[in-house]
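Spelled out, the chains give:
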There are 2 protein chains.
Amino acid sequence: MMNPISSPLLADLYQFTMLQTYLEQEMNEIAVFELFVRKLPPGRNFMVAAGLEQVLEFLENLHFTAEELDWLATRFPPHVIRYLEQFRFAGDVYAMPEGTLFFPNEPILRITAPLPQAQLVESRIINLLHFETLIATKAARSVLVAPDKLLVDFGMRRAHGAEAGLLAARASYLAGFSGTATVLAGTMYDIPTFGTMAHSFIQAHSSESEAFEHFARSHPDNTILLIDTYDTEAAAAKVVALANKLQADNIRINGVRLDSGDLAQHARNVRRILDDGGLRDSTIFASGNLDEYKLHALLAAQAPIDGFGIGTALDISIDAPALDCAYKLQEYADIPRRKYSEGKATWPGRKQVYRLYDADDCLQSDTVALERDDPQPGEPLIQPFMHAGRRLQPKLSLHALRSRTLTGYRRLPAAMTGLESAPAYPVTISDALKALAAQIDRQYLPEA
Amino acid sequence: MMNPISSPLLADLYQFTMLQTYLEQEMNEIAVFELFVRKLPPGRNFMVAAGLEQVLEFLENLHFTAEELDWLATRFPPHVIRYLEQFRFAGDVYAMPEGTLFFPNEPILRITAPLPQAQLVESRIINLLHFETLIATKAARSVLVAPDKLLVDFGMRRAHGAEAGLLAARASYLAGFSGTATVLAGTMYDIPTFGTMAHSFIQAHSSESEAFEHFARSHPDNTILLIDTYDTEAAAAKVVALANKLQADNIRINGVRLDSGDLAQHARNVRRILDDGGLRDSTIFASGNLDEYKLHALLAAQAPIDGFGIGTALDISIDAPALDCAYKLQEYADIPRRKYSEGKATWPGRKQVYRLYDADDCLQSDTVALERDDPQPGEPLIQPFMHAGRRLQPKLSLHALRSRTLTGYRRLPAAMTGLESAPAYPVTISDALKALAAQIDRQYLPEA
């Protein structure tokens, strides 16, 4: 059984057909690929880089098992199989750290390795960085809309497969969410987990009151009761009655969850019922097809809601479920390269991104420049993470990465923190980079 | 290391909090959950059931490892851990076979098992069936638009994680695609794989002609050349020149691939250049942000294209990246149950779906009825697949399932095969089912 997450066969077939030719032509010089996003998704003002940790793990562990080689041997000649038997990724990785805010045409990852290696890892690298960046970028919007609320990822069931559910939990926590409902994401990434009960729990009991009491007695320290199965306000009154009954046993009701109907109105009604019943400390948590726009509306309506579960809209970035990103060859054998295909031209060479901040320490402008001999004012965003196949930096905890991301949001100009499109953030291409592109155009295009 | 695909911790935390209460209250009677979709995604006229095989594998193999139990023991009392140590799924599964065309409110899966078991598996069952059904439903549209073309899944890199890429390849093949570019999907599911070269391959060479020749000499039996890196028509002329040069070595050019620009116009130009150059048998394959609408337009324009690679739009079902589906408790301890939450009411009890065909053997209407004592005219769509945790039917090959799906399309009324919304297909709720729902309403709602 091949490992569906870490197998090197998680690649497009053309990675192997190209590899065969590279080996036969002895095209083993150093290649430089960079990954970037061509444009912002609709409504977004910035993106949040995420997924680098998974890319580094993938590259560190990359090797072919006997079973994988057996399959390849049915399609490829023996010299390819012999090469893959020995295969370990021995290249360099430069990248923006996870949680960095970035913009179109800025490389967020650079792979420098012998061409067959750098090409082979393309599909999985895109697959990982694309998805986590997509979700972190989506999650940031809810975090900026509701910075003081408990925000929980509820989306695993409608995420696209198991890994999407796990990585969505990771990426949303990195972007500032409070935690996830997905147990395995909690165990794998040390993310706080949250969970209460489903409607089926209520329905399986002979009455709602009985269901509430059973749950509270099982979970005396963490009782959140789902109150919308039949009639929300009637259920809130039952919660008050139950709280009085359980007081003698020192069990308190931590809160209630709403999952349907007019959440703002229900929350106001329920808050009044709980307060009047002496449950001022019991919180109200809301869920049910939420996204950042609904959060914004609920907060604008001053709905007394303390936390939100966000599911489908988050885990599939429902209004923009893909980024227009690419992993492109920028240099081979010390010669810069450029793609010209209509509407898809790229900037050549190894690049660095420099960021300037204004007097308030907010983002002011970025410059994309050549890595060498093209210094620009500002903070360089791209750092070395792997050399010759080995990590250069100790792994940061996800919690530490999350803190950095939250700090990064404070440097966003106010206009960029909202849900609407702000004026485009200025990203300049350096003169030297433009000159290099023009030089390559003169060199290659007449040939074509 | 927990298995990110098969771990039983791939669940929402509330599955475990509820399980604890069920055990403490000895609520171990048989529960019946059904999975259904509430409404058609925009523009779709039907859905294609997919993912059952992965659900059955998940249920067959479900167990807790020592590491998983250790983690749970930090959150749950010893009696829960003891129960989970022994855990094997011992329930029944009824379902529509994969590839069945279905409609809103029709259950496509039913789980019948002791309540703690049936509840624990909820999240992953939804996760699997939701995604594969989503993708099969999307893929069917391209297959119906271009039934005679080679259709290849190109989407893994922008699919949402590894499993999404793999399952999208499986679901699209099930729905009638010809194959996938994803090698691991080919090995895991025995799907034909396709692949040629990337732009980076061309760019890494000192000239396009050299790149073409190197590739052809490596792959004399399967040479498809990507011709849009610099100038598409100029590249087509180079292909002709190369074909003449390679004739002496008995190497022929199978085809070319276009990936950018006005595909219809380029295809016409390239077809003429290839034909004039004596390459009438070389095919033209197209890719680049394609979906079923662009396929339809290219075919309507009579673009001479023989096959299509469809990527992002397919693997994330980009115009409708989620289904409004639910896994709901319909019966517990022999008593039918119903969810009432505003806008989300469900039909109670164990159900069967009966399908009637018209005189042309095309789909005419469906009836959702109770499984017992509520016979309806037509073909029952729901079959038993697992009893007491064991499979009842031998596993069909994916190829056989695909053939069944293609046969199923032939029974669609013509209006339902297009890309536009047809009048809603008639799905009737049986009188007995309506009566049962009304009876439960009388029984439960006054209590609430």
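**Observations regarding the overall build of chain A**
Counting its regular elements, chain A contains 16 helices and 19 strands. Viewed in the frame of its principal axes, chain A has a C-alpha envelope of about 80 × 55 × 40 Å. For chain A, restricting intrachain contacts to residue pairs at least 6 apart in sequence, the fraction spanning at least 24 positions comes to 72%.

**Comments concerning the pairing of strand β10 (residues 283–286) of chain B**
Residues and elements named next belong to chain B. Note: strand β9 (residues 255–258) against β10, four bridges, orientation parallel. Directly across from V256, in β10, lies its bridge partner I284. At this point the chain moves from β9, through helix α12 (residues 263–276), to the parallel β10, and the crossover so formed is right-handed. At this point the chain moves from β10, through helix α13 (residues 292–300), to the parallel strand β11 (residues 307–310), and the crossover so formed is right-handed.

**Side note on the domain arrangement of chain A**
Residues and elements named next belong to chain A. Along its sequence, chain A is organised into domain 1 (13–136 + 320–444) and domain 2 (148–315). Secondary structure elements with two or more residues in the side of domain 1 that touches domain 2: α6 (122–145) and α15 (398–409). For the side of domain 1 that touches domain 2, the element with the most residues is α15, which contributes five residues. Taken together, the residues of the side of domain 1 that touches domain 2 break down into nine nonpolar, two polar and three charged.

**Here's the deal with the environment of E57 of chain B**
Residues and elements named next belong to chain B. Topologically, E57 is positioned in helix α2 (residues 52–61). The class for E57 is partly exposed, based on 15 C-beta atoms found within 10 Å. A sequence separation of 334 residues divides E57 from R391, and the C-alpha atoms of the two residues are 9.5 Å apart.

**Considerations on the sheet that holds strand β16 (residues 379–380) of chain A**
All names here are of chain A. Pairing in this open sheet of four strands is mixed, and the strands run β16-β14-β15-β19 from one edge to the other. Strands with a single pairing partner mark the edges of an open sheet, and in this sheet they are β16 and β19 (427–429). The pairing of strand β14 (residues 351–357) with β16 spans two bridges and is antiparallel. Across the sheet, residue R355 finds its bridge partner in β16, namely E379.

**Quick look at the relation of the copies chain A and chain B**
For the pair chain A and chain B, the superposition axis carries a translation of 0.0 Å, the fit reaches an RMSD of 0.0 Å, and the rotation angle comes to 180 degrees. In short, the pair behaves as if placed about a two-fold rotation axis. Interface overlap between copies is the fraction of interface residues in one copy that are interface residues in the other; for chain A against chain B it reaches 100%, indicating a shared surface.

**Brief notes about the sheet that holds strand β18 (residues 390–391) of chain A**
All names here are of chain A. Taken in spatial order, the seven strands line up as β13-β12-β1-β5-β3-β17-β18 in an open sheet, and their pairing is antiparallel. If you trace the sheet from one side to the other, it starts and ends with β13 (335–336) and β18, each paired once. Note that strand β3 (residues 92–95) and strand β5 (residues 109–114) share four bridges and pair antiparallel. Paired with A95 across the strands is L109, a residue of β5. Together, β3, β5, β17 (383–387) and β18 form the strand contacts of helix α2 (residues 52–61), whose direction differs from that of β17 by roughly 20 degrees. Against the sheet, α6 contacts β1 (30–37), β5 and β12 (325–332), and its axis sits at roughly 135 degrees relative to β12.

**Things to note about the interface of chain A and chain B**
Taken residue by residue, the interface counts 89 residues in chain A and 89 residues in chain B. The set of elements that each furnish at least two residues to the side of chain A that touches chain B consists of α1 (13–24), α5 (115–120), α6, α7 (162–174), α8 (183–189), α9 (199–204), α10 (208–218) and β12 of chain A. Sorting elements by how many residues they give to the side of chain A that touches chain B places α1 of chain A first, with eight residues. When the residues that make up the side of chain A that touches chain B are grouped by side-chain class, the tally is 44 nonpolar, 30 polar and 15 charged.

**Considerations on α1 of chain A**
Residues and elements named next belong to chain A. For α1, spanning 12 residues, the distance from its first C-alpha to its last is 17 Å, which sits close to the expected 16 Å at 1.5 Å a residue. In terms of burial, α1 is largely enclosed, as 10 of its 12 residues are buried. Of the residues making up α1, those classed as buried are L13, Y14, Q15, F16, T17, M18, L19, T21, Y22 and L23. One or two positions beyond α1, positive phi appears at E26, with a value near 55 degrees.

**What to know about unusual backbone geometry**
Residues and elements named next belong to chain A. Phi is positive for Q302, close to 55 degrees, though the residue is something other than glycine. Along the chain, the position of Q302 falls in the loop between α13 (292–300) and β11 (307–310). Assessed through the 10 C-beta atoms surrounding it within 10 Å, Q302 is described here as exposed.

**With respect to the packing of helix α6 (residues 122–145) of chain B against α13 of chain B**
A pair of packed helices can be characterised by two numbers: the angle between their axes and the separation between those axes. Residues and elements named next belong to chain B. Where α6 meets α13, the closest approach of the two axes is 9 Å, and the angle between their N-to-C directions is 5 degrees. Judged by the angle between their axes, α6 and α13 are roughly parallel. For the pair α6 and α13, contact is made by R141, S142 and V145 and by E292, L295, H296 and L299, respectively. The residue makeup of the contact of α6 with α13, split by class, is three nonpolar, two polar and two charged.

**Describing the environment of I429 of chain A**
Residues and elements named next belong to chain A. For I429, the location among the structural elements is in strand β19. Along the sequence, I429 and P384 sit 45 residues apart, while their C-alpha atoms lie 22 Å from each other. For I429, the contacting residues outside a window of four places in its chain are W347, V368 and K434.

**Topic: the packing of α2 of chain A against α6 of chain A**
All names here are of chain A. The interhelical angle for the contact between α2 and α6, taken along N-to-C directions, is 160 degrees, at an axis separation of 9 Å. Considered as vectors, α2 and α6 are oriented roughly antiparallel to each other. Seen along the crossing, α2 lies across α6 with a hand that is right-handed. Together, Q54, V55 and F58 of α2 and R124, I125, L128, L129 and E132 of α6 make up the contact between the two elements. Looking at the contact of α2 with α6, its residues break down into five nonpolar, one polar and two charged.

**Side note on the nonpolar core**
Judged by nonpolar contacts, the single largest core of 286 residues is most densely connected at V239 of chain A together with V239 of chain B. The residues touching V239 of chain A, leaving out its near neighbours within four places in the chain, are F212, L225, I227, I253 and V256 of chain A.

**Re the environment of H387 of chain B**
Residues and elements named next belong to chain B. Structurally, H387 is set in strand β17 (residues 383–387). By the C-beta count within 10 Å, which is 14 here, H387 ends up partly exposed. C-alpha of H387 to C-alpha of D92: the two residues are 295 residues apart in sequence and 4.4 Å apart in space.

**What about the confidence of the model for chain A?**
Per-residue confidence for chain A gives a mean pLDDT of 95, with 97% of residues at or over 70. Predicted complex metrics record ipTM = 0.96 and pTM = 0.97.

**Comments concerning the pairing of β11 of chain B**
All names here are of chain B. Taken together, the four bridges between strand β6 (residues 150–153) and β11 define a ladder with parallel strand orientation. Bridged to D153 within β11 is I310. Relative to β11, β10 is paired through two bridges, and the arrangement is parallel. Following the sheet pairing, A286 is matched in β11 by F308.

What counts, and where the lines are drawn
- Residues numbered from 1 in each chain as written.
- Chains lettered and ligands numbered in written order.
- Predicted model: local features only at pLDDT ≥ 70, side-chain atom pairs only at ≥ 80, totals over all residues.
- Helix = DSSP H or I, 4+ residues; strand = E, 2+ residues; numbered from the N terminus.
- Contact = placed C-beta atoms within 7 Å.
- Pairing = 2+ DSSP bridges.
- Right-handed = clockwise from strand over helix to strand, strands pointing away.
- Domains from an automatic or database assignment.
- Nonpolar A, V, L, I, M, F, W, Y, C, P; charged D, E, K, R; others polar.
- Buried ≥ 20, exposed ≤ 12 C-beta atoms within 10 Å, placed from the backbone.
- Least-squares fit on C-alpha atoms with pLDDT ≥ 70 in both.
- Axes fitted to C-alpha atoms, helices over the stretch in contact; angles between N-to-C directions.
- Expected span 1.5 Å × (residues − 1).
- Parallel < 35°, antiparallel > 145°, perpendicular 65-115°, else oblique.
- Left-handed = near helix turned anticlockwise from the far one by under 90°.
- Core = buried A, V, L, I, M, F, W, Y, C linked by C-beta atoms within 7 Å.
- pLDDT = per-residue confidence, 0-100.

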